[in-house]
Amino acid sequence: MEFVSLTMSNLRLNKKLIVVFTTIATAVVALFWVVIESNDTVHRPRSIRRAQPDTPLSRSQSLEHFKIEELEAVLALPVMEPEPPSALLDLTHWNSKVETSIQQLTALFPNSAEVEHLHGLIQLRLKRTKLAEPLLQRCVEMAPSNPKMRIDLAELLLQLGRAEEALQVLHVPTIDAKPMEAQYLEMFGDCQVQMGQIAEAETSFRAALDIAPTLPSIWTKLGKVLLQQNQLAEAKQCATRAIEIDADLAQAWLLLHQLAVLQRETVEAREAFARWTALTKVRPKIDQETSFDEAHSQNMGMVYGSIFRSIATLYLSLGNLPQALTHLDLAIEINPRDTIALAARANQWRRIGDFQRAAELNRLLIRMQPLEAAHYQNLANLCMQLNQPLDAEATLRLACQRLPLNGQLHLALAQFLLYLGKPEEALAPARIAAKHLNSNAAHDILNSVQNAVSNRPVTH
């Protein structure tokens with residue numbers, strides 16, 4: 001993962017180059033961080049307008065006691081307006097766009113197993129299983145040692161009730177399944193369950209958990225086969241473990257409900273059923289305000305957007321940047337609030353050195369995803385590239401207020417304030433970082449800040 005260093009020379013301070021954000025652990029969307037030709041179009045959701053910045057503050061202005069609204073004003077974050085009623089998608093038009101894109105992709109790379117694989121997955125997303133199956137079969141024939149392609153074909157066959165065929169697809173002695181060994185064993189177990197081989201499925205799921213003990217879906221599946229063998233106590237442990245890993249896994253709550261009913265634990269059964277029901281509600285809700293056609297249009301918009309993103313990603317991996325960006329634009333066009341695509345566009349501007357456009361999109365992303373730490377990190381770095389240290393500080397302060405338990409952000413703010421010559425203001429975030437991280441880096445910064453404060457000359 002690539003990070004942008006904060007260059008203190010932009011501040012014209014007589015200090016050496018330092019990197020403030022390298023300890024931030026939040027993953028940054030890295031899609032499309034490539035050097036490309038500039039494009040003058042900046043995509044912005046239709047319901048967002050750029051805020052006008054307040055009167056510029058001086059670099060010496062303290063932001064220590066600014067509240068969230070005041071920091072947003074310093075940064076001139078865009079204003080989110082109510083989403084206007086959207087017209088129904090022209091599904092024929094967008095379906096034609098998808099078909100054209102697939103034809104172009106196939107024509108450019110006629111013998112690519114990756115292209116055949118993506119084509120098959122696209123047909124699956126569009127619920128066209130009869131078209132998807134021969135495509136996935138062909139990509140396995142073209143790349144017989146690729147475990148991911150075999151797993152996807154086996155999953156489709158399993159959905160069609162053809163477990164024995166799925167097992168044959170997986171059971172190839174010469175294949176190296178190690179990169180996806182846990183998923184491979186999980187799929188073995190799924191096939192064995194459908195074939196009624198419950199004891200064998202239990203063995204497969206246990207082997208998968210030995211490799212990947214933090215996959216909640218496998219814990220749930222193991223719990224189900226244990227339930228079928230009347231091993232209720234261990235089955236409950238599996239359901240509980242799955243929920244500990246992912247509290248929003250609906251199937252785990254359903255399993256816990258079933259076990260509680262069998263064990264006549266009425267209160268627990270009722271609570272688990274309520275959680276399962278809440279997690280399986282259909283969204284978007286179809287009511288008097290949202291017709292079936294509107295809900296279907298919204299759903300297909302997300303499907304088509306994800307398809308165009310996938311095509312863009314494949315084009316990028318194959319080295320065709322113009323087509324990658326064309327399909328990224330299509331994803332944004334059909335879903336202007338696609339944060340993955342918008343982040344990719346921001347990274348594009350940053351990569352070619354257009355920091356102003358990149359910063360504008362990162363401001364937008366902060367407004368759309370205010371709890372995503374990576375957006376704040378990116379904007380702070382971009383502000384330093386633009387010689388805007390006050391905006392960089394405001395960005396980090398806003399991040400720390402929005403994410404008060406994120407020790408890495410507080411550490412970054414403390415480092416930044418220390419090197420700006422504001423050790424008194426760095427003291428509070430340094431203490432928070434040391435408390436939440438309890439790392440050498442955090443304690444070192446806290447010691448540095450305390451020393452800087454104690455060595456300050458007394459002013460009268």
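Residues numbered from 1 in each chain as written. Predicted model: local features only at pLDDT ≥ 70, side-chain atom pairs only at ≥ 80, totals over all residues. Heavy atoms only, no water.

(A) Just the packing of helix α5 (residues 147-159) against helix α6 (residues 163-170), in detail. Interhelical geometry of α5 versus α6 gives an angle of 170° and a closest axis separation of 8 Å. Judged by the inter-axis angle, α5 sits roughly antiparallel to α6. Counted together, Arg-150, Ile-151, Leu-153, Ala-154, Leu-157 and Leu-158 of α5 and Ala-163, Glu-165, Ala-166, Val-169 and Leu-170 of α6 form the full contact between these two elements. Split into classes, the residues belonging to the contact of α5 with α6 amount to nine nonpolar, no polar and two charged. (Axes fitted to C-alpha atoms, helices over the stretch in contact; angles between N-to-C directions. Helix = DSSP H or I, 4+ residues; strand = E, 2+ residues; numbered from the N terminus. Parallel < 35°, antiparallel > 145°, perpendicular 65-115°, else oblique. Contact = heavy atoms within 4.5 Å. Nonpolar A, V, L, I, M, F, W, Y, C, P; charged D, E, K, R; others polar.)

(B) Region of the structure containing the packing of helix α19 (residues 407-419) against helix α20 (residues 423-437). Their axes nearest at 8 Å, the elements α19 and α20 cross at an angle of 155°. If you check the angle between α19 and α20, you find them roughly antiparallel. Remark: the crossing between α19 and α20 carries left-handed chirality. Between α19 and α20, the contacting residues are Gly-407, Gln-408, His-410, Leu-411, Leu-413, Ala-414, Leu-417 and Leu-418 on the first element and Pro-423, Glu-425, Ala-426, Pro-429, Ala-430, Ile-432, Ala-433, His-436 and Leu-437 on the second. (Left-handed = near helix turned anticlockwise from the far one by under 90°.)

(C) Focus on the nonpolar core. By size, the foremost hydrophobic cluster in this structure holds 75 residues, and its most contacted members are Val-98, Ile-122, Leu-126, Tyr-304 and Ile-307. Among the elements that make up this core, the one with the highest residue count is helix α13 (residues 292-317) (nine residues). Residues Leu-185, Leu-232, Leu-255 and Leu-259 belong to the second largest nonpolar core, which totals 25 residues. (Core = buried A, V, L, I, M, F, W, Y, C linked by side-chain atoms within 4.5 Å. Buried < 20%, exposed > 50% of the residue type's maximum accessible area, 1.4 Å probe, protein only.)

(D) Spatial organisation of unusual backbone geometry. Even without being glycine, Arg-264 reaches a positive phi, approximately 60°. Among the secondary structure elements, Arg-264 is positioned in the loop between α11 (250-262) and α12 (266-279). With a phi angle near 60°, Asn-387 is a residue other than glycine that sits in the positive phi range. For Asn-387, the position within the fold is in the loop between α17 (373-385) and α18 (389-402).

(E) Highlighting the packing of aromatic side chains. Under the criterion given, the structure shown has four aromatic pairs. Taking NZ or CZ as reference, Arg-357 lies 5.0 Å from the ring centre of Trp-349, over its face. (Phe/Tyr/Trp six-rings, centres within 6.5 Å; stacked < 30°, edge-to-face > 60°. Lys NZ or Arg CZ within 6 Å of the ring centre and 35° of its normal.)

(F) The environment of His-117, seen in detail. Take His-117: it is sitting in helix α3 (residues 113-125). Given the relative accessible area of 11%, His-117 is considered buried. In sequence terms His-117 and Ala-143 are 26 residues apart; their C-alpha atoms lie 9.9 Å from each other. Look past the residues within four positions of His-117 in its chain and what remains in contact with it is Leu-136, Cys-139, Lys-148, Met-149 and Asp-152.

(G) Local environment of α20. With 15 residues, α20 should cover 21 Å at 1.5 Å per step; its first-to-last C-alpha distance of 20 Å lies within 8% of that length. Within α20, the axis deviates most sharply at Pro-429, by approximately 25°. Residues of α20 that are buried include every one of Pro-423, Glu-425, Ala-426, Leu-427, Pro-429, Ala-430, Ala-433 and Ala-434, and no others. Positive phi appears at Asn-438, one or two residues downstream of α20, with a value of about 50°. (Expected span 1.5 Å × (residues − 1). Bend = angle between axes of the 7 residues up to and from the residue.)

(H) Quick look at the side chain of His-410. With respect to the helices and strands, His-410 occurs in helix α19. The buried category is assigned to His-410, whose relative accessible area is 5%. Beyond its immediate stretch of four places on either side in the chain, His-410 contacts Cys-400, Leu-403, Pro-404, Pro-429, Ile-432 and Ala-433.

(I) The arrangement of the environment of Leu-105 in detail. Topologically, Leu-105 is positioned in helix α2 (residues 91-108). Classification of Leu-105 as buried rests on a relative accessible area of 3%. Sequence separation of Leu-105 and His-119 is 14 residues, and the distance between their C-alpha atoms is 9.2 Å. Excluding residues that lie within four positions of it along the chain, Leu-105 makes contacts with Val-115, Leu-118, Ile-311, Leu-314 and Tyr-315.

(J) Here's a closer look at α19. Counted at 1.5 Å a residue, the expected span for α19 with its 13 residues is 18 Å, and the 18 Å between its end C-alpha atoms agrees. Burial within α19 is extensive, with 12 of its 13 residues counted as buried. Of all the positions in α19, only Gly-407, Gln-408, Leu-409, His-410, Leu-411, Ala-412, Leu-413, Ala-414, Gln-415, Phe-416, Leu-417 and Leu-418 are classed as buried. In the core, the buried residues of α19 are packed alongside α17, α18, α20 and α21 (440-454). Put simply, Asn-406 is the residue that caps the front of α19, since its side-chain oxygen is 3.1 Å from the backbone nitrogen of Gln-408. Where α19 terminates, the next one or two residues include Gly-421, which has phi positive at roughly 85°. (Polar contact = N/O pair within 3.5 Å; in protein donor to acceptor, adjacent residues only side chain to side chain.)

Honestly, that's just the spatial picture; any functional story needs more than this.
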